[in-house]
Amino acid sequence: MLLYRGTDGSVAVEVRRYDDAIELTRDGILHTSYSPDMPLTGDVWDCLALGSLLLPAPPKNVLVLGLGGGAVVNLLSRYQNCERLVAVDLSKMCLNLFERFFCDADADLDLKLVHQNAREFVENYDGAPFDYVVDDVFREDDDGEPIRAIEFSFAWYETLCSLMTPDGVLVANFGDADERRQSCLNEVDFDSSEENALVLRSTESLNEIVALTTRRADSRFFWSQVRKHPAWGTSDARKLMTVKAGLFR
């Protein structure tokens with residue numbers, strides 16, 4: 001069922017309901033699908049949320065750069081009980097559509113939606129450090145395909161890390177393995193990337209989500225954390241995603 005149709009600049013935007021799921025498409029390309037009855041759906045936003053299991057405790061203060069339809073906000077609120085979450089998006093339409101159709105966050109969540117360029121927000125932020133940062137800033141290319149809007153350079157990586165607690169986790173979304181290999185992650189030394197980086201990939205897409213931490217991050221540890229989780233542990237997560245330790249240059 002069509003819930004909304006409009007344009008965001010030159011991009012055609014639709015929101016539709018399919019049974020219990022609500023989906024956001026931009027130029028016909030799926031950007032978000034969310035169902036309140038499904039802790040995991042097997043797509044990119046699952047990987048963006050599950051990286052939080054690498055923290056020593058559920059995240060309390062979260063930054064999401066690139067809201068889109070906001071599925072990751074709902075997942076982190078409902079299943080990780082984060083206390084404060086700041087979501088930044090350059091698209092006023094995305095912020096409005098999230099509030100109107102997608103928001104399923106816990107009522108106790110201190111949620112702040114910010115209409116701003118992600119780089120400007122990060123470079124001017126002066127507040128409490130975040131223990132979990134999601135870098136999901138994408139734009140459409142000339143063919144309408146989503147690509148990273150901010151190059152994952154060493155300067156960008158360092159700037160994001162400057163906003164984080166010492167034990168914080170940074171997760172970054174890349175459109176595919178080639179986009180990840182072209183980033184600074186092929187150059188940055190993570191004190192043995194086999195232990196401090198995970199690459200998560202949904203079985204439904206080519207996207208690669210890299211989780212970076214100063215703590216242990218091998219795949220066995222990750223899956224042990226999934227199994228312990230009261231909601232995600234009951235989902236068949238191993239059939240929905242693959243997880244590899246290290247950056248596999």
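Note: the structure precedes this text.
To continue, consider the overall build of the protein. Summing up its helical and strand segments, the protein has nine helices and 14 strands in all. Taken over C-alpha atoms, the radius of gyration comes to 17 Å for the protein, in line with the 18 Å a tight globule of 249 residues would show. Judged by the C-alpha coordinates and their principal axes, the protein covers about 50 × 40 × 35 Å. Taken across its 249 residues, the protein has 55% of its residues classed as buried. Here the protein displays about 11600 Å² of accessible surface, and carbon together with sulfur accounts for 45% of that area.

For the structure shown, the criterion picks out eight aromatic pairs. Pairing Phe152 with Phe174 gives two aromatic rings, centres 5.5 Å apart and planes at 70 degrees, and the pair type is edge-to-face. With Phe152 in the loop between strand S10 (146-148) and helix H5 (154-161) and Phe174 in strand S11 (residues 164-174), this pair connects stretches of sequence that are 22 residues apart. Given the relative accessible area of 2%, Phe152 is considered buried. Relative to Trp223, the ring of Phe222 lies with its centre 5.2 Å away and its plane at 70 degrees, an arrangement referred to as edge-to-face.

Moving on: the pairing of strand S3 (residues 21-26). Along a regular strand, successive side chains alternate from one face of the sheet to the other. Counting buried positions along S3 yields five of six residues, so the element is predominantly enclosed. Relative to S3, strand S2 (residues 11-18) runs antiparallel, the two sharing six bridges. Bridge assignment links Glu14 to a residue of S3, and that residue is Thr25. Between S2 and the antiparallel strand that follows it, S3, lie two residues; Asp19 among them carries a positive phi value of about 55 degrees. Across five bridges, the pairing between S3 and strand S4 (residues 29-34) is antiparallel. The partner of Glu23 across the bridge, within S4, is Ser33. The turn linking S3 back onto S4 is made up of two residues, and Asp27 within it adopts a positive phi angle of 55 degrees.

The topology assignment puts Thr214 in the loop between strand S13 (208-213) and helix H8 (219-228). Through-space distance from the C-alpha of Thr214 to that of Ile150 is 23 Å; in sequence the pair is 64 residues apart. Apart from the residues within four sequence positions on either side, Thr214 is in contact with Pro166, Asp167 and Asn196. One polar contact links the side chain of Thr214 to the main-chain carbonyl oxygen of Pro166, over a distance of 3.2 Å.

What follows covers the nonpolar core. Counting 55 residues, the largest nonpolar core has Leu85, Leu198, Leu200 and Phe222 as its most contacted members. Beyond its immediate sequence surroundings of up to four residues, Leu200 is in contact with Cys47, Asn207, Glu208, Ile209, Ala211, Phe222, Met241, Thr242 and Val243.

Mapped onto the secondary structure, Leu163 falls in the loop between H5 and S11. Separated by 41 residues in the primary sequence, Leu163 and Val122 have C-alpha atoms spaced 7.8 Å apart. Ignoring any residue separated from it by four or fewer positions in sequence, one finds Leu163 in contact with Leu63, Val122, Tyr125, Pro129 and Phe130.

Judged by pairing direction, the sheet is mixed, and its eight strands sit side by side in the order S7-S6-S5-S8-S11-S13-S12-S14 without closing on themselves. Of all strands in the sheet, those with a lone pairing partner are strand S7 (110-115) and strand S14 (241-245), marking the two edges. Sheet twist, expressed as the mean angle between neighbouring strand axes with direction ignored, is 15 degrees. Alignment of S11 against S13, held across six bridges, turns out to be antiparallel. Across the sheet, the residue bridging to Leu170 is Leu212, located in S13.

Procedures and definitions
Residues numbered from 1 in each chain as written. Predicted model: local features only at pLDDT ≥ 70, side-chain atom pairs only at ≥ 80, totals over all residues. Heavy atoms only, no water. Helix = DSSP H or I, 4+ residues; strand = E, 2+ residues; numbered from the N terminus. Rg over C-alpha atoms; globule rule 2.2 N^0.38 Å. Buried < 20%, exposed > 50% of the residue type's maximum accessible area, 1.4 Å probe, protein only. Areas by Shrake-Rupley, 256 points an atom, 1.4 Å probe, with all protein chains shown as cover. Phe/Tyr/Trp six-rings, centres within 6.5 Å; stacked < 30°, edge-to-face > 60°. Pairing = 2+ DSSP bridges. Contact = heavy atoms within 4.5 Å. Polar contact = N/O pair within 3.5 Å; in protein donor to acceptor, adjacent residues only side chain to side chain. Core = buried A, V, L, I, M, F, W, Y, C linked by side-chain atoms within 4.5 Å. Axes fitted to C-alpha atoms, helices over the stretch in contact; angles between N-to-C directions.

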